[in-house]
Amino acid sequence: MNQALPARPSGAFVGASWGALIVGLIAYLVGLWNAQMQLNEKGYYFTIMLLGSFAAVSLQKTMRDRTEGQVVTGMYMGFCWLALAGAIALLGLGLTNATLALSEKGFFAMSFVLTLFAIIAVQKNVRDLAALGAAASLRAAD
C-alpha cells in the first residue's frame, strides 16, 4: 500500500511540543508535591494524570492508524474515548469537591489540559519522524 509520507515537523514545533509536555508535567507534579492535601488525594490526581496521558496517546495512535487504513476495532476506539473522557471527568469531579483555592483548582486543570495537548503533539511528531526515517531507510536500501 502506497502511503503519502507525512510532512516533516519543523524543529520549532518538535521543540515546542516537548517543551509544553515537560512544563505541563513538571507544573502538575510540583503542584501536587506542594498541595496541602492528604497522600491518598495526591495519588488520586497522579493516577488521573497517568490515565489521561495514556488514553490521549492511545487515542491519537488509534485515530492515526484508522486514517492510514489500518484495521482498528470500534470497541478499542470506544475504550480510548471512554478512558480519556473518564480521566477528564474524574479530574473535574475531584477538583469540584476538593478543598483547594479556586486558583489551585484552575492551575491543576490547566496543567492537565496542557499536558494532554502536548503529549498528543509529541506522539504525532514521534510517529511522523519514525515514518520518514523508515522511508529513508527503504530508499537507501534500493
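Above this text sits the structure in question.
Reading the values: the criteria
Residues numbered from 1 in each chain as written. Predicted model: local features only at pLDDT ≥ 70, side-chain atom pairs only at ≥ 80, totals over all residues. Heavy atoms only, no water. Helix = DSSP H or I, 4+ residues; strand = E, 2+ residues; numbered from the N terminus. Rg over C-alpha atoms; globule rule 2.2 N^0.38 Å. Buried < 20%, exposed > 50% of the residue type's maximum accessible area, 1.4 Å probe, protein only. Contact = heavy atoms within 4.5 Å. Areas by Shrake-Rupley, 256 points an atom, 1.4 Å probe, with all protein chains shown as cover. Lys, Arg positive; Asp, Glu negative; His and termini not counted. Charge placed at Lys NZ, Arg CZ, Asp CG, Glu CD. Patch = residues over 30% accessible without salt bridge, like charges linked within 9 Å, V, L, I, M, F, W, Y side chains within 5 Å. Salt bridge = Lys/Arg side-chain N within 4 Å of Asp/Glu carboxyl O. Core = buried A, V, L, I, M, F, W, Y, C linked by side-chain atoms within 4.5 Å.

**Q** Could you give an account of the overall build of the protein, with specific residues and numbers?
**A** The helix and strand inventory of the protein stands at four helices and zero strands. Secondary structure elements of the protein, listed N to C terminal, follow the sequence α-α-α-α. Since a compact globule built from 142 residues should have a radius of gyration of about 14 Å, the 18 Å found for the protein marks it as more spread out than a globular shape. Relative to its 142 residues, the protein shows a buried fraction of 35%. Of the contacts formed within the protein by residues at least 6 apart in sequence, a portion of 74% connects residues at least 24 apart. With an accessible surface of roughly 8,700 Å², the protein has 73% of that area assigned to carbon and sulfur atoms. When the 9 positive and 6 negative side-chain charges of the protein are each reduced to one mean point, those points stand 2 Å apart.

**Q** Can you tell me about a nonpolar patch on the surface, naming the residues and giving the values?
**A** Taken together, the side chains of W18, I22, I26, V30 and V126 present a nonpolar region at the surface, about 450 Å² in accessible area. Top element by residues in the nonpolar patch is helix α1 (residues 11-34). It accounts for four residues. Checked against the element boundaries, I22 lands in helix α1. Here I22 falls in the partly exposed class, since its relative accessible area comes to 46%.

**Q** Please give an account of the side chain of K105 that cites residues and values.
**A** Inspection of the secondary structure puts K105 in helix α4 (residues 102-141). E104 provides the closest opposite charge to the buried, salt-bridge-free K105, at an N-O distance of 8.8 Å.

**Q** Go over the environment of G106, please, and point to the residues and values.
**A** Looking at where G106 falls in the secondary structure, it is placed in helix α4. C-alpha separation for the pair G106 and L95, spaced 11 residues apart in sequence, amounts to 8.7 Å.

**Q** Talk me through the nonpolar core; I want residue IDs and the actual numbers.
**A** One finds Y28, M37, Y45, L91, F108 and F112 to be the most contacted residues of the largest nonpolar core, which totals 26 residues. Put simply, the parts of the chain that give this core at least two residues each are α1, α2 (39-67), α3 (74-97) and α4. Beyond its immediate chain neighbours, meaning those up to four positions away, M37 contacts L32, K42, Y45, L100 and F108.

**Q** Just give me the short version of the pattern of salt bridges, but keep the residues and values in it.
**A** Under the defined criterion, the tally for this structure stands at six salt bridges. Among the ionic pairs, R64 bridges to E68, the shortest N-O distance being 2.9 Å. The class of E68 is partly exposed, set by a relative accessible area of 23%. Between D128 and R64 there is a salt bridge, and its shortest N-O distance comes to 2.5 Å. With a gap of 64 residues between them, D128 in helix α4 and R64 in helix α2 connect regions that are remote in the sequence. Taken together, the salt bridges that share partners define one network made up of K61, R64, D65, E68, K124, R127 and D128.

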